[in-house]
Every structure is written in C-alpha cells, then in structure tokens.
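Survey of secondary and tertiary structure
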Amino acid sequence: MASASNNESVLEEIRAQVKSYHFPLDEVPRLNCHDPRAERLIQNEEPVILTDTNLVASALQWDANYLGEHIGNSNYTVYFSNTHKFLYYDDKKISKVPSFVPPTRHQDLTFQEFLRKMNKWKNGDPWMYLQQSLNNTVGPRIVQDFTAFNWTWVTEQQRKNKWGPLTSNLLLVGMEGVITPVHYDEQQNFFAQIHGYKRFLLFEPGMFPCLYPYPVYHPHDRQSQVDFDNPDFEKFPKLPELRGQQAILAPGDVLYLPVYWWHQVESVPERGMTISVNFWYKSAPTEKVVYPLKPQQKVAMMRNIEKMICDVLVNVEEVGPLMQSMVLGRYT
Ligand SMILES: CCC[C@@H](CC(=O)O)C(=O)C(=O)O
Ligand SMILES: [Zn+2]
C-alpha cells in the first residue's frame, strides 16, 4: 500500500500533468474519513475525498489479470467510442429524437475477451470502457473481496444521512485517457478508486444555468451540451461564469459525490488502465420543504415541470416554444 507521502507526490505530479480549462478549479478537500470536517461536508451534501475508509481495501490487489482470472466468464457491457469520450445516452429516449446518432456503441463481452481486445489495441482502434453492475455471476474470489468491502462504514453513512437503498455497484474498467463527459446523476455516490488514477471535475448544482443540459426528453438527458474542449461561448453565453472543483483519486481513495452535482471523469492519461467501483444510493426523501429552496431541489422541480409539459404536449417540438411563451416578455 503506497505511503501517504508517496501518494501525495504522485497526486502533485498529476495535478501538474492534467489539462486546464477555461474555468477556475479549486481542490476538493481530502480528509481522513474520521475527521469531523469530512462528516460535516457529507451532511451538507458537498464533495470530499475520504482517505482511510478501507471501503475497498480488499480489492486493492485488483488489476486486469486478477480480474481476468477470477471474475468469471459471464458477459460485461463494453462501450466503444471513436474518441476518448463516452457520452452516456438513454436508449429508451431515442424514439423521441429520430435524428439522434448514438456517439458510442456497446457489446457484451466476457472479461477475458475484453482483455484480449485491450492487449492488442493500437492507435486508430476504437476506445473501450467496461461498465457493468457487479452481480452474483462473479467468481468466488471476487465474491470474497466484495464481501470484505467495509460495509460497516458505508452502511453507517447510509443510515446517518438517511439515504435510501444501495441501488448498484458499478464496476468501471477504463483505458487510460477515457473521459465520461460532464453530467449529473440523481443518486448519492461513494466513488471508490481501486486501480490507477481518476480526475474529477465537479460543479455544484447551482451551476445548472452555466452547463446547459440537454432537454429531459432527449437521450442525453442529464448530460451537458457543452464540450469543455471546444466551448461555444456564443451558444452558451453563461459559460464564462462556470466555477468548479477538481478531485484526483488514487487507489484506496473514496470520493463522496453528492446527488445532482455535475461531474466529468477522466482516467488520467499515461497512468495505465483504471478500475473503480461506485456505490449509488437513493437520496433521502425531502422531509419538509425549507425555504429558500436548495439548488438541487430547484433542479428536481424543473425536471418535473419539463416532464409534465412533454407528457401533455407529446410533440417535443412544441415544448420549447410553449416554455418560451410562458416567460418571454413576462418573466424575462
Ligand atoms: C457510468 C458511470 C461513470 C462514472 C464516471 C467514470 O468513472 O467514468 C460516473 O459518472 C459515476 O459514477 O457517477
Ligand atoms: Zn455520474
């Protein structure tokens, strides 16, 4: 297990190596999970890098070969992209946008087939990203490692913060350099880094107006329309107001990624393949509405209003014009 100082020097190297963007980035606090400040950040639904959780200590020996040997021979969803970016899309919403062209394709492969493709990958081949919920088809050694996760700690967090049930643990195995572009999720997330290094860009829910998500009916619902590598300041005039935070995760680190927080995730280039497992929890129900509303509550409200209008109008082409006529000259 790398020493703390060794970890810190690698993290410093990576901070100097990673790409900078048009917006400023503060560092997400990195705290021992027993530090009361860490607890306070989680209660306030703010991101924090937690060290010493031992959440996935039993998996720190996972690498490509170990997983290839022990994970079993069931199928895993492997995404392919012609670029290093893997923009998520919802299959079930494609019917609403006939012109939609999926930016990635996916195939079911055994882990061993995935590894074979990885080992013979050459420039010009599609990039690959394995993303699959861990389930009971994994081999006995992986069951043993999974059972040995620090469930006591994470379940105590779930209880203290009144979260709902754990919905899934997604296994993520990415080539170095792959990027999941900026989006938000509707679940609480403890993101555990197991092998390799990942860099998160994080933006609070109140940055919604600067990140221009696709319409709720669109296959790219919850994803930003903004390409950080080629920002269109004409089309997205509030982009200059964007402010974010950065979190670089080393093996063993756990990032608390609060619900509705925007994030872009990169497998740090030239640092090898990455292995991560996330822990997605249903968020706590809103006990009682306290004013002023929190930004994430406003995002949830906007989503509900948009969904209702789409259901009533059916023809999604009418949604924009109707919402415009609601506000233009009356509220704006
Ligand atoms: C499909 C989920 C991917 C993950 C980001 C990443 O590790 O590439 C993420 O966005 C999350 O855990 O919420
Ligand atoms: Zn996400």
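Residues numbered from 1 in each chain as written. Chains lettered and ligands numbered in written order. Predicted model: local features only at pLDDT ≥ 70, side-chain atom pairs only at ≥ 80, totals over all residues. Heavy atoms only, no water.

An unreviewed UniProt entry lists the protein chain under the name JmjC domain-containing protein, with Pomacea canaliculata as the source organism.

Turning our eyes to something else, we now look at the pairing of strand β8 (residues 179-183). Burial analysis of β8 places five of its five residues in the buried class, which makes it a mostly covered element. In this sheet, strand β13 (residues 262-267) lies alongside β8 in antiparallel orientation, the contact comprising three bridges. Across the sheet, H183 pairs through a bridge with H263, a residue of β13. (Buried < 20%, exposed > 50% of the residue type's maximum accessible area, 1.4 Å probe, protein only. Helix = DSSP H or I, 4+ residues; strand = E, 2+ residues; numbered from the N terminus. Pairing = 2+ DSSP bridges.)

Sheet strands associate in pairs through backbone hydrogen bonding, adopting either a parallel or an antiparallel arrangement. Pairing in this open sheet of five strands is mixed, and the strands run β1-β11-β10-β13-β8 from one edge to the other. Since the sheet does not close on itself, it has two edges, and those belong to β1 (25-27) and β8, each with one partner. When the angles between neighbouring strand axes are averaged without regard to direction, this sheet yields 25 degrees. (Axes fitted to C-alpha atoms, helices over the stretch in contact; angles between N-to-C directions.)

Here nine strands make up an open sheet; going across it, the order is β2-β3-β12-β9-β14-β7-β6-β4-β5 and the pairing mixed. Edge positions in the open sheet fall to β2 (30-32) and β5 (104-110), since each of these has one partner strand only. Across this sheet, the average inter-strand angle for adjacent strands is 25 degrees, counted without regard to direction. Judged from the four bridges that link them, strand β4 (residues 75-81) and strand β6 (residues 127-133) form a sheet pairing that is antiparallel. Within β6, the residue paired with Y79 across the bridge is Y129.

A word on the domain arrangement of the protein chain. Split into domains, the protein chain comes out as domain 1 (1-282) and domain 2 (295-327). Its C-alpha centre places domain 1 at a distance of 29 Å from the equivalent point of domain 2. At the junction of the two partners, domain 1 supplies 13 residues and domain 2 supplies 11 residues. Together, the buried faces of domain 1 and domain 2 total about 1,100 Å²; carbon and sulfur atoms form 63% of this surface. Interface area lost by domain 1 to domain 2 is led by V216, Y217 and Y260, which between them contribute 44%. (Domains from an automatic or database assignment. Contact = heavy atoms within 4.5 Å. Buried area = accessible area lost by both parts, 1.4 Å probe.)

Around ligand 1 sit 14 residues, and of these Y129, T180, H183, D185 and K198 come closest. In the environment of ligand 1, an oxygen atom lies 2.6 Å from a nitrogen or oxygen atom belonging to the side chain of Y129. Contact between ligand 1 and T180: an oxygen atom at 2.6 Å from a side-chain N or O atom of the residue. Protein chains shield 93% of the accessible area of ligand 1, which is 360 Å² for the free molecule. Listed by contribution, the elements that provide at least two residues to the shell around ligand 1 are β6, β7 (166-174), β8, β9 (188-195), β13 and β14 (274-281). Residue classes in the shell around ligand 1 are distributed as six nonpolar, six polar and two charged. (Near = heavy atom within 4 Å. Polar contact = N/O pair within 3.5 Å; in protein donor to acceptor, adjacent residues only side chain to side chain. Areas by Shrake-Rupley, 256 points an atom, 1.4 Å probe, with all protein chains shown as cover. Nonpolar A, V, L, I, M, F, W, Y, C, P; charged D, E, K, R; others polar.)

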